[in-house]
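Each chain, written out:
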Amino acid sequence: MSRHIGIVMDPIDTINPKKDSTFAMMLAAARKGWRISVMTLSNLSLRQDQFWARYQTITVQDDPNHYYDLVSDHEGGPEAFDVILMRKDPPFNMDYIYATYLLEFAERAGVPVFNRPGSIRDCNEKLFALQFSNCIPDLIVTSEADQLRSFQEAHGDVILKPLDGMGGASIFRIRPGDTNRNVIIETLTQLGHQKIMAQRYLPEISQGDTRILLINGEPVPFGLARIPSAGETRGNLAAGGSGVARPLTDRDRWICDQVGPVLRDKGLVFVGIDVIGDYLTEINVTCPTCIRELDASEGLDIAGDYLDHLASSLP
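Cut-off values and rules
Residues numbered from 1 in each chain as written. Predicted model: local features only at pLDDT ≥ 70, side-chain atom pairs only at ≥ 80, totals over all residues. Heavy atoms only, no water. Buried < 20%, exposed > 50% of the residue type's maximum accessible area, 1.4 Å probe, protein only. Helix = DSSP H or I, 4+ residues; strand = E, 2+ residues; numbered from the N terminus. Pairing = 2+ DSSP bridges. Core = buried A, V, L, I, M, F, W, Y, C linked by side-chain atoms within 4.5 Å. Contact = heavy atoms within 4.5 Å. Salt bridge = Lys/Arg side-chain N within 4 Å of Asp/Glu carboxyl O. Phe/Tyr/Trp six-rings, centres within 6.5 Å; stacked < 30°, edge-to-face > 60°. Lys NZ or Arg CZ within 6 Å of the ring centre and 35° of its normal. Axes fitted to C-alpha atoms, helices over the stretch in contact; angles between N-to-C directions. 1 Å grid on protein atoms, 1.4 Å probe; cavity = no way out; pocket = protein on both sides within 12 Å on 5 of 7 lines; lining within 4 Å. Points joined across faces, edges and corners; volume = space filled by probe spheres on them. Nonpolar A, V, L, I, M, F, W, Y, C, P; charged D, E, K, R; others polar. Arc of directions from axis to C-beta. Parallel < 35°, antiparallel > 145°, perpendicular 65-115°, else oblique. Left-handed = near helix turned anticlockwise from the far one by under 90°.

J.: Would you take a moment to explain the pairing of strand S16 (residues 270-276) for this structure?
T.: Residues in a regular strand point their side chains to alternate faces of the sheet. Summarising burial for S16: seven of the seven residues are buried, a large majority. Covered by surrounding structure in S16 are Phe270, Gly272, Asp274 and Ile276 together with Val271, Ile273 and Val275, the residues of both alternating faces. When strand S12 (residues 209-215) meets S16, the two strands line up antiparallel, connected through seven bridges. By the bridge assignment, Arg211 is partnered in S16 with Asp274. In terms of strand pairing, S16 meets strand S17 (residues 279-284) through five bridges, oriented antiparallel. Residue pairing in the sheet places Val275 in a bridge with Leu280 of S17. Taking the residues between adjacent antiparallel strands as the criterion, S16 and S17 are bridged by two residues, where Gly277 takes a positive phi near 60°.

See below:
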């Protein structure tokens, strides 16, 4: 059955189709014969209490030199779509938050939105993991410099990171005797006005920070271990890490068993969790990536499986 899928995302001409998971979803939709339309945050609006969008209908092909064609421009209300995907990359700023409120009006009009906008808004990707205290490493969240210094002195080797970053941006490692400790704390906390996270350093990062994708709470059987480049502590692909697919371990599956039911309850249907060694470090609910790398390595069709699940839930 043909469907019309609307995708809220960054401008399509700015993506890297060879690596972009949203593009993988578009290709899967095209294989199903679905109509595909794209829109940015600035294209969303309300008219009285009705969701409204300007959108571009496109066709796509798996060719990095010519990966989409514009078919037509449109605008309309929620009845134009069978389903909407919220796939905008962070930064998770106020414009992003306002967009989640607008998308809730589309939900109220009967259009399924994935992931659920209210849950995206509520589940900060760093703090959401703290709901699973038996899965996470030792950490602290605070804006107070003395608490951060005490945590570092107790654990020695720690990672400091903002609560709203992505791609490894502004992540610092502090070791005993680091003379830059105070200035790092001052910079990240904006002199005590911004809460950040300090986390015990996990030496298992040398074997990779593994991204595990879950569809409706069930994990894909392989994760992408993002291994830091030489001299780095960050495995993020955007920070120069290299991705290696690996089967999930028993511990990985146990962590997924803890997290999966909560994801289903919250309508977080496509999620990426990050695992270092035995520990859950983040739960990515906004725009999880790594589909294309895992598909290419293991012969999977993750986006196709995701759209199959969506199709089964549509009226």
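J.: I would appreciate a short explanation of the nonpolar core in the present structure.
T.: Proteins that are soluble and globular tend to have nonpolar side chains buried together. Among the nonpolar cores identified, the biggest contains 38 residues, and Leu44, Ile84, Ile273, Leu280 and Ile283 are the most heavily contacted of them. At the level of secondary structure, the elements contributing two or more residues to this core comprise strand S4 (50-60), strand S6 (83-86), helix H2 (94-108), S12, helix H6 (250-265), S16 and S17. Counting residues per element, this core draws most heavily on H2, at five residues. Not counting residues up to four positions away in its chain, the partners in contact with Leu44 are Val8, Met39, Phe51, Trp52, Ala53, Ala99, Leu102 and Leu103. Counting residues in hydrophobic clusters, the runner-up holds 37 residues, among them Met26, Leu27, Leu213 and Leu224.

J.: What am I meant to see in the pattern of salt bridges here?
T.: Two side chains with opposite charge may pair up if their charged atoms get near one another. Counted according to the given criterion, the structure contains 16 salt bridges. Between Arg226 and Asp209 there is a salt bridge, with the nearest N and O atoms lying 3.3 Å from each other. Here Asp209 lies in strand S12 and Arg226 lies in strand S14 (residues 222-227), a separation of 17 residues in the sequence. In this structure, Arg226 and Asp274 form a salt bridge, with 2.9 Å as the shortest nitrogen-oxygen distance. Of this pair, Arg226 sits in strand S14 while Asp274 is found in strand S16, placing the two residues 48 residues apart along the sequence. Residue classification places Arg226 among the buried positions, given a relative accessible area of 4%.

J.: In this structure, what is going on with the packing of aromatic side chains? I would like to understand it.
T.: Ring pairs (aromatic) are described by centroid distance and by the angle formed between their planes. Under the counting rule described, the total for this entry stands at six aromatic pairs. Consider the rings of Tyr67 and Tyr68, whose centres lie 5.3 Å apart with planes at 50°: the pair is tilted. What makes Tyr67 buried here is its relative accessible area of 10%. According to the relative accessible area criterion, Tyr68 is partly exposed, its value standing at 25%. With a centroid separation of 4.9 Å and 35° between ring planes, the pair formed by Phe270 and Tyr306 is classed as tilted. With Phe270 in strand S16 and Tyr306 in helix H8 (residues 302-313), this residue pair connects regions lying 36 residues apart in the sequence. Residue Tyr306 is classed as buried on the basis of its relative accessible area, which comes to 2%. Members of the aromatic cluster, connected to one another through ring pairs, are Phe23, Tyr67 and Tyr68. Sitting above the plane of the Phe105 ring, Arg108 keeps its charged end 4.6 Å from the centroid.

J.: Even after reading the chapter, I still don't get the sheet that holds strand S9 (residues 158-162), so can you show me in this structure?
T.: Either a parallel or an antiparallel arrangement is found when strands of a sheet pair, and the pairing is made through backbone hydrogen bonds. Pairing is antiparallel in the open sheet, where four strands are placed in the order S8-S11-S9-S10. Looking at the sheet topology across the chains shown, the edges are occupied by strand S8 (139-142) and strand S10 (172-174). Strand-to-strand, the axes of this sheet are offset by a mean angle of 20°, without reference to chain direction. Both S9 and strand S11 (residues 196-200) contribute to a ladder of five bridges, which runs antiparallel.

J.: When you look at empty space enclosed by the protein in this model, what are you seeing that I'm missing?
T.: Empty space among the atoms becomes visible once a probe the size of a water molecule is rolled across them. All told, the structure shown has one cavity of 30 Å³ or more when counted by the stated rule. By volume, the largest cavity amounts to about 40 Å³. Taken together, Met86, Arg87, Phe114, Asn115, Phe270, Thr286, Pro288 and Tyr306 make up the lining of the largest cavity. Looking at side-chain class alone, the lining of the largest cavity contains five nonpolar, two polar and one charged residues.

J.: How should I be thinking about helix H4 (residues 145-155) in this particular structure?
T.: Residues spaced three or four apart along an α-helix face the same direction, because each turn holds 3.6 residues. Within the sequence span of H4, burial applies to Leu148, Phe151 and Gln152. The buried residues of H4 all sit within an arc of 95° when viewed along its axis, so they share a single face. The exposed residues of H4 that point more than 90 degrees off its buried face are Glu153 and Ala154. Contact partners of the buried residues in H4: S8, S9, S10, helix H5 (181-188) and S11. Following H4 by one or two positions, Gly156 adopts a phi angle in the positive range, close to 80°.

J.: Before we go on, may I ask you to explain the packing of H4 against H5 in this structure?
T.: Any two packed helices are characterised by how steeply their axes cross, that is the angle between the axes, and by the distance between the axes. Interhelical geometry of H4 versus H5 gives an angle of 135° and a closest axis separation of 10 Å. For the element pair H4 / H5, the angle class is oblique. For the pair H4 and H5, the crossing hand works out as right-handed. Along the contact surface, H4 presents Ala145, Leu148, Arg149, Gln152 and Glu153, while H5 presents Arg181, Asn182 and Ile185. Among the residues making up the contact of H4 with H5, the classes are represented as three nonpolar, two polar and three charged.

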